[in-house]
Amino acid sequence: MPTTGTPPSRIRRLWRALWRPSVRWSVASLLLVGIVVGIILWGGFNTALEQTNTLAFCANTCHEMHDNVYVEYQETIHYHNRTGVRAICSDCHVPHDWTHKVIRKVKATGELYGHFTGVLATKEKFEKNRMRLAQNEWRQMKATNSRECRNCHSFDAMERAKQRPRAQKNHASADARGKTCIDCHKGIAHLLPAEYDETADEANFDNSPNPPAAATAPAAGPAPAPAPATTSALSPAKTSGK
Ligand code: HEC
Ligand code: HEC
Ligand code: HEC
């Protein structure tokens, strides 16, 4: 008779002992200990998770992020603006709800592999991959209807009358036209990939003439800068230095 896989009897005894019902401790006290330990582990896990969402972590843990996207982002309105509300990396890139957040974090472990194999190790390598990386983000944001943008922005909360006519018109018809923030606002936090072709997105914009009401609406306070004729909402330069 072959006895393959039979553990040594000492281990077997320990195993049985572990699963034998306790005679000493009441079910209630065992449950209590289990609950307390569970809460501590749960809290620790979530604290560690939050730690990986901070700007310091995302900007400084690896040079791939620091030297490229972080430096660029510091020049944009999401880093510095009149009201001092800052959007950090995780605000745009990590879902708020727990399930999607954990899924995103598990995916991020793949990025560790990328780091150690040096896929983005140099500026040249980063630029070579930027289009692919950006397209991933665009695809995800389109699929979630720009969910992370909407944690802060909403069409409802916008004071349309204070927006530029072109913005008013585009925002008014966006839902009906099935367009979402990222369809029209690429490159708001980082430089656009060299291969990105603006004309490919032209159809996303509402190019009908500005409604007369919007075009003539008096702006409260200083008049907003006139929008240049080109589709400059796409240009990161547009959002910087404001
Ligand atoms: C953490 C909150 C937050 C998130 C998330 C966020 N934003 Fe913003 N956004 C802001 C703030 C704050 C401003 C600056 C408002 C101001 O001072 O005028 C801003 C400004 C903007 C502007 C105006 C740029 C300009 O030059 O006037 C655009 C466009 C914009 N955001 C698009 C987006 C898009 C697209 C996303 C998702 C990819 C996004 N935002 C995610 C908070 C956020
Ligand atoms: C169909 C295209 C389109 C969609 C979809 C869209 N926008 Fe815009 N948005 C524009 C245009 C065009 C402008 C004006 C840009 C300019 O004049 O340079 C604008 C301007 C803005 C501004 C600045 C307003 C101002 O007048 O200063 C903010 C903030 C903004 N968009 C946020 C968002 C957010 C957040 C979403 C998603 C909830 C969104 N937009 C969806 C086209 C769009
Ligand atoms: C306001 C929203 C916003 C913030 C804040 C933001 N990103 Fe992004 N990020 C985007 C969007 C949108 C894209 C898709 C490409 C694009 O449109 O520029 C992107 C793309 C990227 C990419 C792919 C490469 C590329 O350039 O397209 C990386 C990597 C990245 N972000 C990392 C970061 C890191 C790290 C931070 C913080 C230092 C950060 N992002 C902050 C919105 C944001």
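This structure is a prediction, so every number in the text was calculated from the model and none was measured. Going along each chain's sequence as written, the residues are numbered from 1 onward. Lettering of chains starts at A and numbering of ligands starts at 1, both following the order in which they are written. In view of the model being predicted, local features appear only for residues whose pLDDT reaches at least 70, and side-chain atom pairs are presented and counted only at 80 or more, with totals across whole chains, interfaces and linings using the full set of residues.

**Topic: the overall build of the protein chain**
- Scanning the protein chain from N- to C-terminus turns up 11 helices and 0 strands.
- Helices (α) and strands (β) of the protein chain occur, in sequence order from the N terminus, as α-α-α-α-α-α-α-α-α-α-α.
- Burial is judged by counting the other C-beta atoms within 10 Å of a residue's own C-beta: 20 or more makes it buried, 12 or fewer makes it exposed, and any count in between marks it as partly exposed, with every C-beta position built from the backbone. Taken across its 242 residues, the protein chain has 11% of its residues classed as buried.
- Residues are scored as being in contact if the C-beta atoms we place from backbone atoms lie within 7 Å. Sequence-distant contacts, at least 24 apart, represent 75% of the contacts inside the protein chain between residues at least 6 apart. Note on conventions: DSSP H or I runs of at least 4 residues are helices, E runs of at least 2 residues are strands, and numbering of each starts at the N terminus.

**Description of the site of ligand 3**
- In this analysis a residue is considered near a molecule or strand if the C-beta atom, reconstructed from its backbone, is found within 6 Å of that molecule or strand. Taken together, 25 residues sit near ligand 3, with Cys-89, Cys-92, Leu-133, Ala-134 and Ala-189 positioned nearest.
- Here the shell around ligand 3 gets 5 residues from one element, more than from any other, and that element is helix 7 (residues 123-143).
- Residues are grouped as follows: Ala, Val, Leu, Ile, Met, Phe, Trp, Tyr, Cys and Pro are nonpolar; Asp, Glu, Lys and Arg are charged; all remaining types, including Gly, are polar. Class assignment of the residues belonging to the shell around ligand 3 gives a composition of 17 nonpolar, 4 polar and 4 charged.
- For each domain, the first and last residues come from an automatic or database assignment. Of the residues that make up the shell around ligand 3, three or more belong to each of domain 1 (32-151) and domain 2 (160-218 + 232-239).

**Regarding unusual backbone geometry**
- For Asn-145, which is not a glycine, the phi torsion comes out positive at approximately 55 degrees.
- Relative to the elements of secondary structure, Asn-145 occurs in the loop between helix 7 and helix 8 (165-174).
- We classify Asn-145 as partly exposed; it has 14 C-beta atoms within 10 Å.
- With phi around 55 degrees, Ser-146 is a residue other than glycine that occupies positive phi space.

**Focus on the confidence of the model for the protein chain**
- Here the protein chain averages 87 in pLDDT, and 84% of its residues register 70 or above.
- Confidence, expressed as mean pLDDT per element, reaches its minimum in the protein chain at helix 11 (residues 236-239) with 40 and its maximum at helix 9 (residues 181-184) with 98.
- Per residue, pLDDT captures the predictor's confidence, and it can take any value from 0 to 100. Within the model, pLDDT remains below 50 along residues 227-242, and this stretch shows 29 contacts once partners closer than five positions in the same chain are excluded.

**Overview of the environment of Ala-59**
- For Ala-59, the location among the structural elements is in helix 3 (residues 55-60).
- Judged by the 17 C-beta atoms lying within 10 Å of it, Ala-59 falls in the partly exposed class.
- If sequence neighbours within four positions are ignored, Ala-59 has contacts with Met-65, His-66 and Tyr-70.

**A closer look at the environment of Asp-201**
- Mapped onto the elements of the fold, Asp-201 is located in the loop between helix 9 and helix 10 (212-216).
- Asp-201 sits 15 residues away from Lys-186 along the chain, and the two C-alpha atoms are 9.5 Å apart.

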